[in-house]
Amino acid sequence: MLNTVFQDTQEKMGKAVEALKAELQKVRTGRASATMLDPVRVDYYGTLTPLHQMASISTPESRLLVVQPWDATALKEIEKGILRANLGLTPSNDGKVIRISIPPLTEERRKDIVKQVGKTCEEYKVGIRNLRRDANEMLKSLKKDGDISEDEMFKGQDQIQKMTDEHIRTTEDLQKAKEKEILEF
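Residues numbered from 1 in each chain as written. Predicted model: local features only at pLDDT ≥ 70, side-chain atom pairs only at ≥ 80, totals over all residues. Heavy atoms only, no water.

**Here we look at the nonpolar core**
- Membership of the largest hydrophobic core comes to 18 residues, with the highest contact counts inside it found for L37, L51, V67, I78 and I100.
- Secondary-structure elements contributing two or more residues to this core are strand 4 (64–69), helix 2 (75–84) and strand 6 (98–101).
- Here this core takes three residues from helix 2, the largest share from any one element.
- Among residues more than four places away in sequence, those in contact with I78 are V42, L51, M54, A55, V67, P69 and I98.
- Listed in part, the 16 residues of the second largest apolar core include I128, L131, I148 and M163. (Core = buried A, V, L, I, M, F, W, Y, C linked by side-chain atoms within 4.5 Å. Buried < 20%, exposed > 50% of the residue type's maximum accessible area, 1.4 Å probe, protein only. Helix = DSSP H or I, 4+ residues; strand = E, 2+ residues; numbered from the N terminus. Contact = heavy atoms within 4.5 Å.)

This is the structure:
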């Protein structure tokens, strides 16, 4: 019974950390990254299609993205899709590929992005703490139903707290690494 609670909580907290990693990859750091274009949808024969499903995206330089569509007739629509996504990026089309130059971030903009990352990480920490609360309530209800003893409940709560501390620490490490990446010139 206790193992089920622990496994369930561990799994949910792990998923929260993975979701945070995915969220932080989307944050712009001043460096070119193919994930920057993930929100781009292109009108391809009447269907909104994710850009990465219709073109290869590469980063030949740290401040340059190159989008090479598999269907050259879609170049204009891809260009429109990038502009419509409102990412602050300006594509240039040479007839075969689209090049997107990533402008350097100002120091003020970098600080704003760091604040945004901090808020995002704090939201995930709150989520992890909510998972801790739910697990502790589950332990209390197991004790109330007579499925576990009071000692088992307290040991379980200690173990849940250790899990929580570990995941919070991982979240803070991710935050520090991302902030360092953003503030790097």
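**Quick look at helix 3 (residues 107–144)**
- Taking 1.5 Å per residue, 38 residues should reach 56 Å; helix 3 reaches 55 Å between its end C-alpha atoms and fits that length.
- In the stretch just after helix 3, G146 is the one whose phi turns positive, near 85 degrees. (Expected span 1.5 Å × (residues − 1).)

**Let's talk about the sheet that holds strand 5 (residues 91–93)**
- With respect to topology, four strands assemble into an open sheet ordered 3-4-6-5, the strand pairing being antiparallel. Sheet topology places strand 3 (55–61) and strand 5 at the edges, where each strand pairs with a single neighbour. The mean angle between the axes of side-by-side strands here comes to 25 degrees, regardless of whether they run parallel or antiparallel.
- Bridge count for strand 5 against strand 6 is three bridges, and the pairing is antiparallel. The residue bridging P91 from the neighbouring strand is I100, located in strand 6.
- Contacts from helix 2 reach strand 3, strand 4, strand 5 and strand 6, with the element oriented near 170 degrees to strand 5. (Pairing = 2+ DSSP bridges. Axes fitted to C-alpha atoms, helices over the stretch in contact; angles between N-to-C directions.)

**Focus on the pattern of salt bridges**
- Evaluation of the coordinates by the stated rule reveals 12 salt bridges.
- Between K178 and E181 there is a salt bridge; the shortest N-O distance is 3.9 Å. Of this pair, K178 and E181 are both found in helix 4 (residues 150–183), three residues apart, which corresponds to roughly one turn of the helix.
- Residue K178 is classed as buried on the basis of its relative accessible area, which comes to 8%. (Salt bridge = Lys/Arg side-chain N within 4 Å of Asp/Glu carboxyl O.)

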